[in-house]
Amino acid sequence: MTNESELERIANVVKDTQHGNEKNELVFNAETGEFEQRPVDTRGDGEIVTEMTKEGFAA
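Every value quoted in this text rests on a predicted model; they were computed, and no experiment measured them. (Residues numbered from 1 in each chain as written. Predicted model: local features only at pLDDT ≥ 70, side-chain atom pairs only at ≥ 80, totals over all residues. Heavy atoms only, no water.)

A. Structural view of the overall build of the chain. What the chain contains, in helices and strands, is two helices and three strands. The secondary structure elements of the chain, listed N-terminal to C-terminal, are α-β-β-β-α. When each of the 59 residues of the chain is scored for burial, the buried share is 24%. A separation of at least 24 residues holds for 28% of the contacts in the chain among residues at least 6 apart in sequence. When the accessible surface of the chain is summed, it comes to about 4,500 Å², and 48% of that surface belongs to carbon and sulfur atoms. (Helix = DSSP H or I, 4+ residues; strand = E, 2+ residues; numbered from the N terminus. Buried < 20%, exposed > 50% of the residue type's maximum accessible area, 1.4 Å probe, protein only. Contact = heavy atoms within 4.5 Å. Areas by Shrake-Rupley, 256 points an atom, 1.4 Å probe, with all protein chains shown as cover.)

Right, dumping it as structure tokens:
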């Protein structure tokens, strides 16, 4: 389960992406059902969802 500090880290990745500062990617891990962050251009499991954040989820 995602706790408050993890939610804040995820929100910061989204905010940074929307402002053009893309140091991390937001990844959905289907095994855990959680969102995770990882440095851009690193390999790992999960679906990268950062593209959704560039113009907002509802755009």
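B. Representation of the nonpolar core. Within the largest apolar cluster, five residues are counted, these being I10, V13, V14, L26 and V49. Per-element tally for this core: the top contributor is helix α1 (residues 4–18), with three residues. Excluding anything up to four places from it in sequence, V13 contacts N24, E25, L26 and Q37. (Core = buried A, V, L, I, M, F, W, Y, C linked by side-chain atoms within 4.5 Å.)

C. Just the sheet that holds strand β1 (residues 24–29), in detail. Read across the open sheet, the three strands follow the order β2-β1-β3; overall the sheet is antiparallel. The outermost strands of the open sheet, each flanked by one partner alone, are β2 (34–39) and β3 (47–48). Against the sheet, α1 touches β1 and β2, its axis set at about 130 degrees to β1. (Pairing = 2+ DSSP bridges. Axes fitted to C-alpha atoms, helices over the stretch in contact; angles between N-to-C directions.)

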